[in-house]
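# Remarks on the overall topology
Residues per chain, in single letters:
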Amino acid sequence: MTDVLKILLIVQTFAASSVYVLGEDKKVCHNNLKHYEELRCTPVTDQASGCIVNYDCGSIAKQKEDKCYYQGKEYSFGDELVSSEILSNCIASCRCTNVNGRGSFNCANIECAEVFQPSIKKGCVRQYSHDSCCSIGQNCRDREGSDAAVTCEYGGEVWEEGQAFYPKEKPCKKCICKQGFNGTFVSPYCEDIICEMELHYADYISEGCTPVYYGDDSCCPIYWHCPTKNDTIVKEDVEKDKVTIKNKDGEPKCKFGNLEMAVGQRLAPPIRENCLECSCKVPPFLSCAINIECQKKS
């Protein structure tokens, strides 16, 4: 593992005021934190607000470069993961491979027929199950114009039994219309979406890159932004922190390449990536997202 990542993920030493605590009672006050969950980092909360203020990702710093890691287990080059060991049902199998001396999973993803044949017979709807990646069939009404036996209403729209939908206020939930759905996004109607970052992005994680999300409230990252020697902090943020005591020594900071950033500081926008905004919000990873309004204008 690179020294950059080890510095990024070293457990921080906090002031003795007991402002920060590890615990189960936590309030999520920031979005786009799915990577911390999947990388099995431990949330640290502020006692006063109850908000998660940073994460302890120390276990990642202990990982060996020539190994692969998934769900807390270590794998050597050539080791295979079978479908029963993989959380996502859209991955058939994975093998730990040697990529320039680093461990990285190479996975066989399941491709669904409906992606290549999106059309469907009139009066029919595709059926889905939380146990299957792809559609498990179609449900066609006996006669055109007849009402579906079971429907689910949410957000002003109506879904028929077996249809999948994604609630806007819960971007990491996939729901399937079933008898008894009452508008709450709980099992057996809704399940968490799994991004499988350990399987897909191990090389980016080991290089100290940070996930990039689409907008301020999405689920899985769309790509990863990696540090360069030209990265700088926005100048006015550096000047502001010279005259404020908000970011004291000992408080958690974000580490990105050679930069150590206090909470609130922003990364100067890279010329090559329009509409990308990065700042330190919830250490140790830098928080990066595409500004959707900016992208619409460009």
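Quick caveat, the model's predicted, so the values are computed rather than measured. (Residues numbered from 1 in each chain as written. Predicted model: local features only at pLDDT ≥ 70, side-chain atom pairs only at ≥ 80, totals over all residues. Heavy atoms only, no water.)

## With respect to the nonpolar core
Within the largest apolar cluster, 20 residues are counted, with the highest numbers of intra-cluster contacts made by Tyr36, Cys41, Tyr55 and Cys57. Residues Phe256, Met261, Leu276 and Cys280 belong to the second largest nonpolar core, which totals 14 residues. (Core = buried A, V, L, I, M, F, W, Y, C linked by side-chain atoms within 4.5 Å. Buried < 20%, exposed > 50% of the residue type's maximum accessible area, 1.4 Å probe, protein only.)

## Here's the deal with the state of the cysteines
A covalent bond between the sulfur atoms of two cysteines is referred to as a disulfide. In the structure shown here, the tally under the stated rule is 15 disulfides. There is a disulfide in this structure between cysteine 41 and cysteine 57, and the S-S distance comes to 2.1 Å. Because the torsion about its S-S bond is 115 degrees, the bridge between cysteine 41 and cysteine 57 counts as right-handed. In this pair, cysteine 41 sits in the loop between α2 (34-38) and β2 (42-46) while cysteine 57 sits in the loop between β3 (52-56) and α3 (58-61), placing the two residues 16 residues apart along the sequence. Overall, the relative accessible area of 9% leaves cysteine 41 in the buried class. Take cysteine 57: its relative accessible area is 1%, and that puts it in the buried class. Each sulfur in the disulfide pair cysteine 90 and cysteine 133 lies 2.0 Å from the other. Because the sign of the S-S torsion sets the handedness, a value of about 100 degrees for the bond joining cysteine 90 and cysteine 133 places this disulfide among the right-handed ones. A residue pair is termed long-range when its members are at least 10 positions apart, and cysteine 90 in the loop between β6 (80-82) and β7 (91-99) and cysteine 133 in the loop between β9 (124-127) and β10 (137-140) qualify at 43 residues. Given a relative accessible area of 13%, cysteine 133 falls into the buried group. (Disulfide = S-S within 2.5 Å. Helix = DSSP H or I, 4+ residues; strand = E, 2+ residues; numbered from the N terminus.)

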